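Coordinate analysis (summary)
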Amino acid sequence: MVHSLFKQLELPEIILEMEQATGVLAQQLIALHPKLSGIQEKLSLASTRVMTLIEDAAYSLLGIFSVTGILAIYGEGESALGHFLAYILPGSGDVSILAGTGQSSSYNSCLPARITVYNQRATSHLPLPIADAEMETVVTTLRTSGLDLDLALKLYDRLNELSAPWFAGSWMKLPCIAFKLPSLSRHRTTSGHAYRMETSTFRMVEIKMRQDLSWLKSLYLVHSWLDMLLDCKDMQSGTFGEGDDDDEAILTKYADDDVTEPSWLDADEDNMSDKGMDDDSLLVPEPESPSPSSLHAVAMDPVAMDKETHVLWLVAHLGQPFGALLFTMASMCQWVVVYKRVAADSLITVHMQKNVPLTDLYEHICILDVL
């Protein structure tokens, strides 16, 4: 009986009907299987479902993601989705789960309150891929630019050592590159507020939102797409080895990270300084934006590349625009500064200045505690 049912699912007409009903390509339907892979495709598919109970946005996905560590407890409300996403993110390492604009979850401010967020394109937040020909040109330029490869290697190693984001309940440890913002220039608009600022690191950044941010004491722009910077194919596809979602293993990795909160997080912008590192000629070149027809991942096998090329790829990716997350200090908890995401319903596109010292980026690597 079961064998006959699976045979029917292989019929072209059945697959075609399913494709038309779900909007999922036939090849993806055939290949769809319960695992922590293809996360964005699965969440995108689920985002179009109409559910009677809000908790079903999460509980209906337990099987397709092979999640056995969460009990379906109706009454959680929107926190059910946050609970589910917090469970699958560390095991998959797919930080694009955080990429989206919409209302923040009461479970954690970095997670969405509604699964409809995943009906958007996550790529709007993520650094654009660099086309093969353009990457080759940028890497060749970097090799002859006088770039300090030792410092670039130090930056690469530091980012590569960091774990994926990890949750303890609703508390998240978020590895990132974070920059404290100076005073914002505020303008009233017909739909709310617009804030603008420009720093030595970023070009003009504009934040449009309905809420008033002027009462917040401090704001931080955060680049959390570290796996994209490193071009880690396994992390982007959400395929990790056995045991990566083991809590004890992740805790050990975080203990090994030994990243303390930088002093600049509580300092004024004027007091931010490089700690004795020479930043002469440490420039991040800005790749040209590839045409839509050429936007595809670089074909070179990253495993076969030498480490120096990996490092140059990182420097090239740092020049790409990205969707930043905006944070503010929320509270102190046992001498730990806790942050929360704000303006989650606004896409904040950030362009690096053309000549950003790598020391400036290195000194802003940190792990934020987020609720």
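Look up: the structure comes first, before these words.
Bear in mind that the values here come from a model prediction, so they are computed numbers and not experimental data.

Conventions used here
- Along every chain, residues carry numbers that run from 1 in the direction the sequence is written.
- The predicted origin of the model limits local features to residues at a pLDDT of at least 70 and limits the giving and counting of side-chain atom pairs to 80 or more, whereas totals for whole chains, interfaces and linings rest on all residues.
- To get the side-chain values, all heavy atoms of the structure are used, and hydrogens and water are removed first.
- Note on conventions: DSSP H or I runs of at least 4 residues are helices, E runs of at least 2 residues are strands, and numbering of each starts at the N terminus.
- Buried residues are those whose accessible area, probed at 1.4 Å on protein chains only, stays under 20% of the maximum for their type, while exposed residues exceed 50% and partly exposed ones sit between those limits.
- Working definition of accessibility: Shrake-Rupley area with a 1.4 Å probe, residue cover restricted to the visible protein chains.
- For this analysis, a salt bridge means a side-chain nitrogen from Lys or Arg found within 4 Å of a carboxyl oxygen belonging to Asp or Glu.
- Here a cavity denotes a set of grid points, spaced 1 Å apart and computed over the protein atoms alone, in which a 1.4 Å probe fits but from which it cannot get out, and a pocket denotes an open set meeting protein on both sides within 12 Å along at least five of seven lines; residues with an atom within 4 Å of a point are reported as lining.
- Grid points are joined across faces, edges and corners, and a volume is the space filled by probe spheres set on the points.
- Definition used in this section: a nonpolar core is a set of buried Ala, Val, Leu, Ile, Met, Phe, Trp, Tyr and Cys residues joined via side-chain atoms within 4.5 Å.
- Should any heavy atoms of two residues lie within 4.5 Å, those residues are considered in contact.
- Interaxial angles span 0 to 180 degrees and are taken between N-to-C directions of axes, which are lines fitted to C-alpha atoms, for helices over the stretch in contact.
- Here the angle decides the label: under 35 degrees means roughly parallel, over 145 means roughly antiparallel, 65 to 115 means roughly perpendicular, and every other value means oblique.
- Here, a strand pair is defined by DSSP locating no fewer than two bridges between the strands.
- Pairing of N or O atoms within 3.5 Å defines a polar contact, subject to two protein rules: one partner must be a possible hydrogen donor and the other a possible acceptor, and residues neighboring in sequence count only if both atoms are side-chain atoms.

**Some remarks on the overall build of the protein chain**
Along the backbone of the protein chain there are 13 helices and 10 strands. The burial tally for the protein chain puts 49% of its 371 residues in the buried class. Entry remark: accessible area of the protein chain is about 18,600 Å², with carbon and sulfur atoms responsible for 53%.

**Here we look at the pattern of salt bridges**
Counted under the stated rule, the structure contains 6 salt bridges. A salt bridge links K307 to D157; its shortest N-O distance comes to 2.9 Å. Of this pair, K307 sits in helix α12 (residues 307-318) while D157 sits in helix α8 (residues 149-161), and the two are 150 residues apart along the sequence. Assessed through its relative accessible area of 24%, D157 is described here as partly exposed.

**A look at empty space enclosed by the protein**
Applying the stated criterion to the full structure yields 2 cavities of 30 Å³ or more. Put simply, the largest cavity is a space of about 70 Å³. Surrounding the largest cavity, 15 residues form its lining, G100, C110, L111, P112 and R341 being those nearest its centre.

**As for the nonpolar core**
With 93 residues, the main nonpolar core has F84, I207 and L326 as its most contacted residues. Dropping the residues within four chain positions of it, I207 is found in contact with H193, A194, Y195, M197, L213, L326, A343 and I348.

**Details of the packing of α8 against α12**
Packed helices, taken two at a time, are described by their axes: the angle between them and the distance between them. For the pair α8 and α12, the least separation of the axes is 9 Å and the interaxial angle reads 85 degrees. Classified by the angle their axes make, α8 and α12 are roughly perpendicular. In this structure, α8 contributes L149, A152, L153, L155, Y156, D157 and L159 to the contact, and α12 contributes K307, E308, H310, V311, L312, L314, V315 and L318.

**Here's the deal with the pairing of strand β8 (residues 336-342)**
Here β8 lies mainly inside the structure; 5 of its 7 residues are buried. Taken together, the 7 bridges between strand β7 (residues 322-333) and β8 define a ladder with antiparallel strand orientation. If you follow M332 over to β8, its bridge partner there is V337. Counting the residues that bridge the hairpin from β7 to β8 gives 2 residues, and of these Q334 lies at a positive phi of roughly 50 degrees.

**Observations concerning the environment of T199**
Of note, T199 is situated in the loop between β4 (192-197) and β5 (205-209). A residue is classified by how much of its surface remains accessible, and T199, at 12% relative accessible area, is buried. Taking the C-alpha atoms as reference points, T199 and F179, 20 residues apart in sequence, are found 9.9 Å from one another. A polar contact is formed between the side chain of T199 and the backbone nitrogen of T201, at a distance of 3.1 Å. At 3.0 Å, the side chain of T199 and the backbone nitrogen of F202 are in polar contact.

**Things to note about the side chain of T328**
Its place among the elements puts T328 in strand β7. A relative accessible area of 2% places T328 in the buried class. For T328, the side chain forms a polar contact with the main-chain oxygen of S218, separated by 2.7 Å. Those residues in contact with T328 that lie beyond four places of it in its chain are L216, S218, L219, Y220, V338, Y339, K340 and V342.

By themselves, these are just geometric observations and shouldn't be taken as functional.
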